[in-house]
Amino acid sequence: MSYNYKEIEKKWQEKWYKERTFNAKDDYTMKKWYGLIEFPYPSGQGLHVGHPRSYTALDIIARKRRMEGYNVLYPIGFDAFGLPAENYAIKNHIHPRIITEQNINHFREQLKSLGFFFFFSREINTTDPNYYKWTQWIFIQLYKKGLAYKATMPINYCTGCKVGLANEEVVNGVCERCGSPVVQKEKSQWMLKITDYAERLINDLDDTEFLEKIKIQQKNWIGRSEGAEVKFKIDGEDEELLIYTTRPDTLFGATYMVVAPEHPIIDKLSSKITNMDEIIEYKNKSSLKSDFERSELNKEKTGVEIKGITAINPLTGKQIPIWVSDYVLITYGTGAIMAVPAHDSRDFEFAKKFGLPIIQVVDGKNVDLSKEAYTDVETGVLINSGFLNGMQVSEAKEKVISYLEKNNIGTKKVNYKLRDWVFSRQRYWGEPIPMVYCEECGWVPIPESELPLVLPEVENFEPGENGESPLAKQTDWISTTCPHCGKPAKRETDTMPQWAGSSWYFLRYMDPHNDKELASKQALEYWSPVDWYNGGMEHTTLHLLYSRFWHKFLYDIGVVPTKEPYFKRTSHGMILGDNGEKMSKSKGNIVNPDDIVRDFGADTFRVYEMFIGPFDGAAPWSMDSIRGCSKFLDRVWSLQDILVEGDTYSPEFEKMIHKAIKKVSEDIEEMKFNTSVATFMTMVNEFYKLKRINIAEFKTFLQLLNPFAPHITEELYSKISNVTIAETSWPKYDESKTIDESIELPVQINGKVKQTIQIPLDSTQEDVKKIIEQNDVLKSLISGKNIIKEIYVKNKIYNIVIK
RNA sequence: GCGGAUGUGGCGGAAUUGGCAGACGCGCUGGUCUUAGGAACCAGUGUCAACGACGUGGGGGUUCAAGUCCCUUCAUCCGCACCA
C-alpha cells in the first residue's frame, strides 16, 4: 500500500518554508557550518534531474549538521545573467529581465517541491542591481590595484555569438555555448590579471581539502614550468631574440630558432629580411586559421625560413637560422624558441621536414635519432656540450643557468600556461562595466557612490555589426561626464562575463541584504570560509579558479578574512539518460523532475538519486530502480503497523542499530550515500523478519533516514513524538555495541573456504583449533594429510595448508 | 601525445589494513492471496559437464591467502592539447 506522499510532502514543505524553519541563527557564538552548492542558471527548461543530485547530497549533510548542533547556512540563489535569456529576448522581443524572473519563479517552486533545506530568505540573484552593485564595486577595486586593464590583443571571437570569449570558453576551436567556429580578432578588451595570482593559486591548494583530482586539474591548467629565458644575439645587429626553455641543459643542441608569426622581430628587422613577401604571406595565412584549423593541422608542420638574418647560439657561438612557424605560439613564453631537434619531438619533426641539423646532446640507451627525438628528461648524461659534458641532466640544468646568469645571457624563469582573463563581453544581459573613457584622463572608474550602474532599458538586444555591444547604440546612456575632470566622456559599453557574479556570490549569502558593504565584517568573520562546496568537475578550471582569484584579491585588500574561499570541494557525477548517454532533447532521453515528484514523490526522488551509484561517478537513470526506492518508502510507512511499545532498543536489534548509526554517520561524511540507503533497506528487512519494531528503534531509524527522506520521516515521527526530527540530536552509537561477541570464522584448507565455525570474539589459536578438531567435516578433510602450516588471523580467518 | 579516472552477475552496484567476492536494489523464475495486477507477501537466482570445479577486462608475479599489492597488456570515458 502506498502512503499519500502528495499530501504529506505538501504539509511539511508549507511548514518549513512558511515558518522559515531552516533560517540560520544570528548567534555568532555557535559553531557554524556553511554548505554550498553551485547556484543554478535559471534556464527556460527548468530544473534538470542532475541538479537535485548535488543539492540532495549537501542537503543531507546540512540536515545532519543541524542535528549535530551547528548553526547551518545552506543558501540558494540564481546565477541569472547569461546568453540563453538574451538570445530568447532577441528572438521574442521580451526583456531578458522578465524571462529571468519567470524562470526563477519556476525554479524556486521546483526546488521547494523537493523539500530542500535551502534558506529562501537569503536568496540572491546576480541580475539584481542591489547584488551587482557589489560585483561592479569589486571590479573598481581590481582596477584601482592595476589588476583590471584594457588591452588590444588577439582574442577568441565567436562568429555565432559575436562576442569575445575566454580561453576557457573555447572548446576544440569552437564556442562552448553555440558551437560556432572561433576566430582570432584584434579587439580592445578589459582583462583581469589572474596571472599575478598563479603561484598562490597553486600553493594555497595545500591549505584546502579539495578532492585530489580537482587540485591536479587546477595545477595542470595553471601549468607552471621551470626553465630559463635565454638571449640569442642576431648576427651583426643590435637586436636579441629572447626565448624560454625548460631544457636549458640542451642549449648546445639548439641548431635553429623559431618565432611565432606574430613576433615583433619580423617587423623590426624587415629591412634586413630578404624574403619579406614570403614571410608576410605565411603570416596572413596563419592569422586566417582558426584555433580549430591550427590544431587540426598539428600533424604537419609548416614554416618559412627568415632569410637575411641569423642568430648566434650563445654557447657554441655558431650561426643558426631563424624560422617562422605557427607551431610556436605568441601567447606562451616569449613567442620564440630555440629548437633542439634531437630532444624535442616537435622540433625534430620540423627539422626532418626542412632538413635542419640534429645534434644529440644527451646520451641515453636505445636512442635512435633517425626515427624520433629523445625526450626523456632527468636521465642521461650530457655529450657534445662543452663544459656540460659528463653531467646528469639535472646537474647540467643548474650549471648552465648559473653560467647564463653570470654572463648576462639568460636567467632562471618560471612560466605559466594560465593567461589573463578576458573580461569584456559585447552583450546586453550582463553587469555594465563601471568605467568611463575621457579624452583627457583616459579610463576612469565611476565614483563608488554612483553604484550600481544600472543596465539601461533598450529596445533591441542584438549585438552590433562589428561585434559591438548592444549598449553601443544607447547614445544617451553612453554620454556622461568624466568623474575626474568633468569634461564630456563616454561609458564603457561592454558588459561583464557570466563568471563575474558567480565569483563572489558565496560571500553575499552571509549577509544578503546589506546595502553598505558586500557583507558585514562580523558575518564574513563568522561564516568564512565555506566549509563544504559541491559542484561539477566542469567548473574546475573556470568558476572555481576565477572565484579563488577574486577571493584572494579581496583578502589582499582586507575585505575577507580567509585566503581561500572554500575549505572542502567535492564533485558529483552526471546523471545520464536510461541509454547511458548524456540527456539531451535530440536524444529524447530527458527525465523531467516534475514528473518524478508527481509520480513518486520528493522523498523517493531524493532517495533514488542517492542510491543510484557512487556519488562521484556518472550514473544512468532507471525507471525500474526508482520503483524499488518507492517500494522501500512504502515499507517504511507500513512499519507503523508492526510498531510496539519500548523505550530502549530490544536485544535483537540493538547491535544492528548501533552499527547502522555508525555506518550511516560515516557514509554521509564520505558521500557514500548509496551504501547508507542499502543500510536502511537492510534494517527494514530485518524489522519485517521479526514483524516488530519498538518506538525507540523506530525513532532512531527515522532520525537516520530523515536527511534523505525528510517528509515521510517527519510525518511518521510526528505520530509518536511532539517534537520534530529537525529538533532532535543526531543519534549516537556505542562502539562496544557495534562489536559481536561471537563471530563466524571461515576455515580454509589450502586457501579454499570449507566451513565456517562459531567462535567467541578474540579467541586464541589454541581455542579455535579445539573447535576445528571437533568439526566432523574439517576433521575428515584433514585426517591422514600432512599439515604443513596453519595460519590464524584473529577474528578473520583460519587457513590450514595440507599436502 | 600529456593528465585524470573506470573495468566485478542479465542490469545499477557492495566488499577497513590483502582474509567467506557478489551486500542492497532492479530484473528474472516459482509460489501464496486476488475478479484483476506494472499491487502485496514468501522462496530462489554468479557460471558450468553441480556433493565438485571455475569465477572481479587479458597475461604474468608476490603471498598460506589477491577485486585489493607489483609488472605487463587491452578497452572505455573525461579533461587538456604544437605550452618549448
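As a reminder, the structure under discussion sits directly above these lines.
Residues numbered from 1 in each chain as written. Chains lettered and ligands numbered in written order. Predicted model: local features only at pLDDT ≥ 70, side-chain atom pairs only at ≥ 80, totals over all residues. Heavy atoms only, no water.

**Digging into the overall build of chain A**
Within chain A one finds 25 helices and 34 strands. With the principal axes as the frame, chain A shows a C-alpha extent of 100 × 85 × 50 Å. Each of the 803 residues in chain A was classed as buried or not, and the buried ones make up 54%. Look at the contacts in chain A between residues 6 or more apart in sequence, and 72% of them connect residues 24 or more apart. About 35500 Å² of surface is accessible on chain A, with carbon and sulfur atoms providing 49% of the total. Counting 102 positive and 113 negative side-chain charges, chain A places the averaged centre of each group 3 Å from the other. (Helix = DSSP H or I, 4+ residues; strand = E, 2+ residues; numbered from the N terminus. Buried < 20%, exposed > 50% of the residue type's maximum accessible area, 1.4 Å probe, protein only. Contact = heavy atoms within 4.5 Å. Areas by Shrake-Rupley, 256 points an atom, 1.4 Å probe, with all protein chains shown as cover. Lys, Arg positive; Asp, Glu negative; His and termini not counted. Charge placed at Lys NZ, Arg CZ, Asp CG, Glu CD.)

**A closer look at unusual backbone geometry**
Looking along the chain, the bond that leaves Leu451 and enters Pro452 is cis, with omega of 0°. The residue after Ser528, namely Pro529, is reached through a cis peptide bond having omega -10°. Assignment of secondary structure puts Pro529 in the loop between helix 15 (521-527) and strand 25 (532-535). For His93, which is not glycine, the phi torsion reads 55° and is therefore positive. Of note, His93 is situated in the loop between helix 3 (83-92) and helix 4 (96-113).

**Topic: the sheet that holds strand 26 (residues 568-571)**
Read across the open sheet, the five strands follow the order 2-1-25-26-10; overall the sheet is parallel. The open sheet has two edge strands with one neighbour each: strand 2 (71-73) and strand 10 (209-210). Of the pairings in the sheet, the one linking strand 1 (residues 32-37) to strand 2 comprises three bridges and is parallel in character. For Tyr34, the partnering residue across the bridge sits in strand 2 and is Leu73. (Pairing = 2+ DSSP bridges.)

**Overview of the pairing of strand 24 (residues 488-491)**
Inspection of the sheet shows strand 21 (residues 435-438) paired to strand 24 by two bridges, in the antiparallel sense. Paired with Tyr437 across the strands is Lys490, a residue of strand 24. Counting the residues between successive antiparallel strands, the hairpin from strand 23 (residues 479-481) to strand 24 contains six residues, one of them, Gly486, with a positive phi of roughly 85°.

**Considering the packing of aromatic side chains**
The relative placement of two aromatic rings is captured by the distance of their centres and the angle of their planes. By the definition in use, this model includes 54 aromatic pairs. When the ring of Phe81 is compared with that of Tyr132, the centres are 5.8 Å apart and the planes differ by 45°; the resulting orientation is tilted. Here Tyr132 lies in helix 5 (residues 129-144) and Phe81 lies in the loop between strand 3 (75-78) and helix 3, a separation of 51 residues in the sequence. There is no split in this pair, since Phe81 and Tyr132 are both buried. Centroid distance Tyr131 to Trp504: 4.5 Å. Interplanar angle 15°. Geometry classified as stacked. Of this pair, Tyr131 sits in helix 5 while Trp504 sits in the loop between strand 24 and helix 14 (505-508); the two residues are 373 residues apart in sequence, bridging distant segments of the chain. Like Tyr131, the residue Trp504 is buried in the burial classification. Stacked on the ring of Phe120, the Lys or Arg Lys112 has its end atom at 4.9 Å from the ring centre. For the cation-ring pair, Lys301 lies above Tyr327, with the distance from its terminal atom to the ring centre recorded as 5.4 Å. (Phe/Tyr/Trp six-rings, centres within 6.5 Å; stacked < 30°, edge-to-face > 60°. Lys NZ or Arg CZ within 6 Å of the ring centre and 35° of its normal.)

**A look at the protein's contact with RNA strand B**
The immediate surroundings of RNA strand B are formed by 48 residues, with Thr246, Lys301, Arg346, Arg627 and Lys796 found nearest. Considering RNA strand B, the proportion of its atoms within 4 Å of the protein that are sugar or phosphate atoms stands at 60%. Those elements that place two or more of their residues in the surface near RNA strand B are helix 7 (212-222), strand 12 (240-245), helix 19 (623-638), helix 21 (673-690), strand 31 (742-749), strand 32 (752-760), strand 33 (787-793) and strand 34 (797-802). The dominant element in the surface near RNA strand B, judged by the number of residues it contributes, is helix 21, at six residues. Tallied by class, the residues present in the surface near RNA strand B amount to 20 nonpolar, 13 polar and 15 charged. (Near = heavy atom within 4 Å. Nonpolar A, V, L, I, M, F, W, Y, C, P; charged D, E, K, R; others polar.)

**Considerations on the packing of helix 18 (residues 602-611) against helix 19**
Remark: helix 18 packs on helix 19, axes separated minimally by 9 Å, with the N-to-C direction vectors making an angle of 125°. Between helix 18 and helix 19, the interaxial angle falls into the category oblique. When the axes of helix 18 and helix 19 are compared, the crossing they make is right-handed. Facing Asp603, Thr604, Val607, Tyr608 and Phe611 of helix 18, the residues of helix 19 in contact are Ser625, Ile626, Cys629, Ser630, Phe632 and Leu633. Taken together, the residues that form the contact of helix 18 with helix 19 break down as seven nonpolar, three polar and one charged. (Axes fitted to C-alpha atoms, helices over the stretch in contact; angles between N-to-C directions. Parallel < 35°, antiparallel > 145°, perpendicular 65-115°, else oblique. Left-handed = near helix turned anticlockwise from the far one by under 90°.)

**Quick look at the pattern of salt bridges**
Here the structure, examined in full by the defined rule, presents 46 salt bridges. Among the ionic pairs, Lys413 bridges to Glu229, the shortest N-O distance being 3.9 Å. Of the two residues, Lys413 is situated in strand 19 (residues 410-415) and Glu229 in strand 11 (residues 225-234); the sequence distance between them amounts to 184 residues. Given the relative accessible area of 16%, Glu229 is considered buried. Each of Lys64, Arg65, Glu68 and Glu669 takes part in salt bridges that share partners, so that together they form one network. (Salt bridge = Lys/Arg side-chain N within 4 Å of Asp/Glu carboxyl O.)

Any functional reading would require information beyond the geometric quantities listed.
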